[in-house]
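# Analysis of the macromolecular model
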Amino acid sequence: MNVEAAHPVSVLKVSVWRLAWQQLRRDFRAGELRLLIVAVTLAVAALTAVGFFADRLNTGLARDARQLMGGDAILSSDKPAPAQFAEKAQSLGLQVATSTSFPSMGRADVAQGGATRLVAVKAVSDNYPLRGKLQLSAGTGGEGVAVKGAPQRGTVWVDPGLLDALGLRVGDPLLLGDSRLQIARAILIEPDRGAGFMSFSPRVMLNQADLPATGLIQPASRVSYRLAVASPANDDRVVRRFTEWAEVELKSGKLRGARLESMASGRPEMRQTLDRAEKFLNLVALLAALLAAVAVAIASRDFASRHLDDCAMLRVLGQSQRQIAWQYLIEFGLVGLLASLLGVGAGFAVHHVFVWLLSGLVESALPAATFWPALFGIGVGLTLLVGFGLPPVLQLARVPPLRVIRRDVGAIKPASLAVLGAGLLGFVALLMAVSSDLKLGLIAVGGFAAAVGFFALLSWAAVSLLRRAVPESRAPRWLVLATRQIAARPAFAVLQVSALSVGLLALVLLVLLRTDLIGSWRQATPPDAPNRFVINIQPDQGEAFRARLAADGVTRYDWYPMIRGRLVAVNGEAVQGDQQSDERARRLVEREFNLSHAAQQPEHNTIVGGRWVAEEPGAISVEEGLAETLGLKLGDTLRFDIAGQLVEGRITSLRKVDWASMRVNFFVMFPTAQLTDVPISYIAAFRAPAAPADAAPTASFDNRLTREFPNITNVDVSASIAQVQRILDQVIRAVEFLFGFTLAAGLVVLFAAVTATREARAREFAVMRALGASGSLLAKVQRAELLGIGALAGVLASLAAAAVGWALARYVFEFSWNASPWVPVLGGIAGALLALAAGWWGLREVLRRPVVTTLRMAAE
């Protein structure tokens, strides 16, 4: 008994703060706060680890997005920007750089073979790039050097691939239009290269002052002009003032076809993967917090039950309810603060592991973290103890003094709905903030709330049927005793099964989601993903090109016709860019689409609306994202202008397209094998055969293909695929690492649920041993009880995990859900084994405790 009975008067005169501190020290030494501290520390550590990492990663990605754009904001247009845009930026103290890009043909000198190649020309100003740095080398395979600025007058920098394609070296001349320019360096890294097939063509970079002499830009030329601005002081407010002014100017129609590029377009090829990874990390942290809440609720109720007698004696000695309430409030506040600080420290240390695992997602060291994740973690930790720990503990203040002589009075009662509701609302609000996604938070929190009710209802039904399911006359004695033990205390059984089910639900859910999520990532970029995209294959070259692939051992490839067309009407009404309120819709309407046709639905596309019917006349299939952006629906009629010919089609199906996959995809497809009277070329995507180690560069597969078909554009995306797969590996390792937090939190819940009835079990076993039951019989009873409760909890958790996982997979992570029918069986086995392990660890001393000691403690 934790009362200094020898000096009652002096005890009562001590301040409540000192009493709380003494009580905290005694409870800590006795190990009664251990479970509470571990649960809160785990929850806060998981939340702050994700918080610190997300905070630094988002800041780093924003910084790198600027580097990938070449500035803080970019004005992109198909004609030079009026001088007022540069003047406005300079008046605000911003730096300005310009570039001009267009496709053209690069040629080698006749003396060096006279080979030609389609190239992506880029003329840049002297202060290019404003953000990031170019990496240049003195030749193919040379060491890179970081530089800023444009090539010197009369020189160019080129991609190494162009040197191989034209048989040139650094120092040789390159013929570009009417100019003869010397190749000075090879480009290894171009920070603002961007995406798109033109960007995949070999780069030729020259000084903007050399551009007029080339004579390449003519009135009908397709040219892209970019005006980049950047703040030397990294002042986002100044940049925002410029972008707001520029948006007003663009809406006034002074520069048609122009758009402002934002940081969100920094890494489009990894956006979906990173979004999914961030959501999964948030889900793991959210589940850890939910499990910690369950563990805190169970542990605090057990804590309160063990302190009933102490509080009854304090009431006898004259301590008021107010003093007792403040004493425990202060104690739990200090415990919450201590555990939260431990969790913040652990989370800060763990987030460095994330930084190490995910090195490469950003180009350089991440910025320092802010204090917000730490403050948020402390708030979550204190909310956990206040919302779920204090309600049963504060009931200790109302324990009547009569309990000193009558142990049947003053028991802990369920918390009032008002207290419980306030705690739940506060905690749910924090969890919704943690999720950073409304659907994720609602499905996870709502799913767990529904699952708890489901667990309680079915476990109550199972306990009610248990007595009749095991007849005393034919069942083994240990099994009869185990079932009677469970049926004798149905409330405890329901609590245990529900708590175990919640812990197992989180574990099963994360295992299933992790497996399918990683599978969907791997499927997007498998080891045999295409690493070559070839465009501009003419119809009369199709048969020869495919024969060349077959001769080189390439048997699996995407092969589609490609048609350039502009959308001119929807349901007979003309469409124009300035009619669209959405900027993306305006850009789509103002440019040409890549259209295609095929009788069979592409195997890597999923029909999400309507039906794909082969050879259906007048039908078209539209990508669902395009339909949503342009407000299209099934049954709408679209009219395209294809090289002056108008072609109409009715939308009969909507397709879901994974643009992150390394496959050929189209916005619009005609479900027919032939589309007559329209100009087409072909696109192919395949995995190039590996070259022998001793093969000369000029004998490579790419060079043979280019020599045989000189007009094609052969895009090597091996480096991009390697980068995507490397980042996927890093993301997966981070997901698996954080999974350990939820596993630990789940085990804490299992341990708390199993040990919550330790004292009640000890008294019951002591009575049975006093009546002659052997230790081996009671050990069998305990094992049977734990195995039965664990198996039931595992089956219930698996069923609930399948439902919650399906909702998360479909509505949050957007991949197909493939839960196996064996999951409930495996979940039941896992639940039984985990419950047995937790029971062996938490209840091992119950069977070893002397009977006399247990009975004496029960009688006191």
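Residues numbered from 1 in each chain as written. Predicted model: local features only at pLDDT ≥ 70, side-chain atom pairs only at ≥ 80, totals over all residues. Heavy atoms only, no water.

Summing up its helical and strand segments, the protein chain has 26 helices and 22 strands in all. Across the 860 residues in the protein chain, those meeting the buried criterion constitute 50%. In the protein chain, the share of contacts with a sequence separation of at least 24, taken over all contacts with a separation of at least 6, comes to 82%. For the protein chain, the computed accessible surface area is about 38,900 Å², with 59% contributed by carbon and sulfur atoms. (Helix = DSSP H or I, 4+ residues; strand = E, 2+ residues; numbered from the N terminus. Buried < 20%, exposed > 50% of the residue type's maximum accessible area, 1.4 Å probe, protein only. Contact = heavy atoms within 4.5 Å. Areas by Shrake-Rupley, 256 points an atom, 1.4 Å probe, with all protein chains shown as cover.)

We now examine the nonpolar core. Membership of the largest hydrophobic core comes to 43 residues, with the highest contact counts inside it found for Leu384 and Leu396. Elements with a minimum of two residues in this core: helix H3 (34-69), helix H9 (268-306), helix H10 (308-316), helix H11 (321-357) and helix H12 (372-394). Considering each element in turn, this core owes the most residues, 10 residues, to H3. Listed in part, the 42 residues of the second largest apolar core include Leu286, Val502, Leu512 and Ala801. (Core = buried A, V, L, I, M, F, W, Y, C linked by side-chain atoms within 4.5 Å.)

Looking at where glycine 788 falls in the secondary structure, it is placed in helix H23 (residues 775-813). On a C-alpha basis, the gap between glycine 788 and alanine 835 in space is 9.0 Å, while along the polypeptide they are 47 residues apart.

This part takes up the packing of helix H4 (residues 83-91) against helix H8 (residues 236-251). In the contact formed by H4 and H8, the axes pass within 10 Å of each other and the chain directions differ by 160°. Between H4 and H8, the interaxial angle falls into the category roughly antiparallel. For the pair H4 and H8, the sense of crossing is right-handed. Only Phe242, Trp245, Ala246, Glu249 and Leu250 of H8 make contact with H4, whose side of the interface consists of Gln84, Phe85, Lys88 and Ala89. Of the residues assigned to the contact of H4 with H8, the class counts are six nonpolar, one polar and two charged. (Axes fitted to C-alpha atoms, helices over the stretch in contact; angles between N-to-C directions. Parallel < 35°, antiparallel > 145°, perpendicular 65-115°, else oblique. Left-handed = near helix turned anticlockwise from the far one by under 90°. Nonpolar A, V, L, I, M, F, W, Y, C, P; charged D, E, K, R; others polar.)

Once that is clear, we can look at unusual backbone geometry. In this chain, tyrosine 128 is followed by proline 129 through a cis amide linkage whose omega measures -15°. With respect to the helices and strands, proline 129 occurs in the loop between strand S3 (116-124) and strand S4 (134-137). At asparagine 571, a position not held by glycine, the phi torsion is positive, near 55°. By the secondary structure assignment, asparagine 571 is in the loop between strand S13 (557-570) and strand S14 (573-574). Despite not being glycine, glutamate 615 shows a phi value in the positive range, around 65°. Within the secondary structure, glutamate 615 is located in the loop between strand S16 (606-610) and strand S17 (619-623).

We now examine the pattern of salt bridges. Taken as a whole and judged by the stated rule, the model has 13 salt bridges. A salt bridge links aspartate 552 to arginine 548; the shortest N-O distance between them is 3.3 Å. Here arginine 548 falls in the partly exposed class, since its relative accessible area comes to 24%. Put simply, aspartate 636 and lysine 633 hold a salt bridge, and the shortest N to O gap is 3.2 Å. Taking relative accessible area as the criterion, lysine 633 reaches 52% and is therefore assigned exposed. When salt bridges with common partners are traced through the structure, they connect Lys122, Glu190 and Arg203 into a single cluster. (Salt bridge = Lys/Arg side-chain N within 4 Å of Asp/Glu carboxyl O.)

Before going further, it helps to spend a moment on helix H2 (residues 16-29). Compared with an ideal rise of 1.5 Å per residue, which puts 14 residues at 20 Å, H2 spans 20 Å between its outermost C-alpha atoms and is within 8% of the ideal. Three or more residues of H2 are buried, namely Leu19, Ala20, Gln22, Gln23, Leu24 and Asp27. Within two residues after H2, glycine 31 carries a phi angle of roughly 80°, on the positive side. (Expected span 1.5 Å × (residues − 1).)

It is worth spelling out the environment of lysine 122 at this point. Note that lysine 122 resides in strand S3. Taking the C-alpha atoms as reference points, lysine 122 and serine 101, 21 residues apart in sequence, are found 4.4 Å from one another. With sequence-adjacent residues up to four places away left out, lysine 122 is seen in contact with Ser99, Thr100, Ser101, Tyr128, Glu190, Asp192, Arg203, Val204, Met205 and Leu206. Within the structure, lysine 122 has its side chain in polar contact with the side chain of tyrosine 128 (distance 3.2 Å). (Polar contact = N/O pair within 3.5 Å; in protein donor to acceptor, adjacent residues only side chain to side chain.)

This structure, assessed with the given rule, holds 10 aromatic pairs. Their ring planes at 15° and their centres at 5.0 Å tell us that tryptophan 559 and tyrosine 682 sit as a pair that is stacked. In this pair, tryptophan 559 sits in strand S13 while tyrosine 682 sits in strand S21 (residues 681-686), placing the two residues 123 residues apart along the sequence. With respect to class, tryptophan 559 is no different from tyrosine 682; both count as buried. Aromatic ring contacts, followed pair by pair, group Phe545, Trp559, Tyr682 and Phe709 into a single cluster. (Phe/Tyr/Trp six-rings, centres within 6.5 Å; stacked < 30°, edge-to-face > 60°.)

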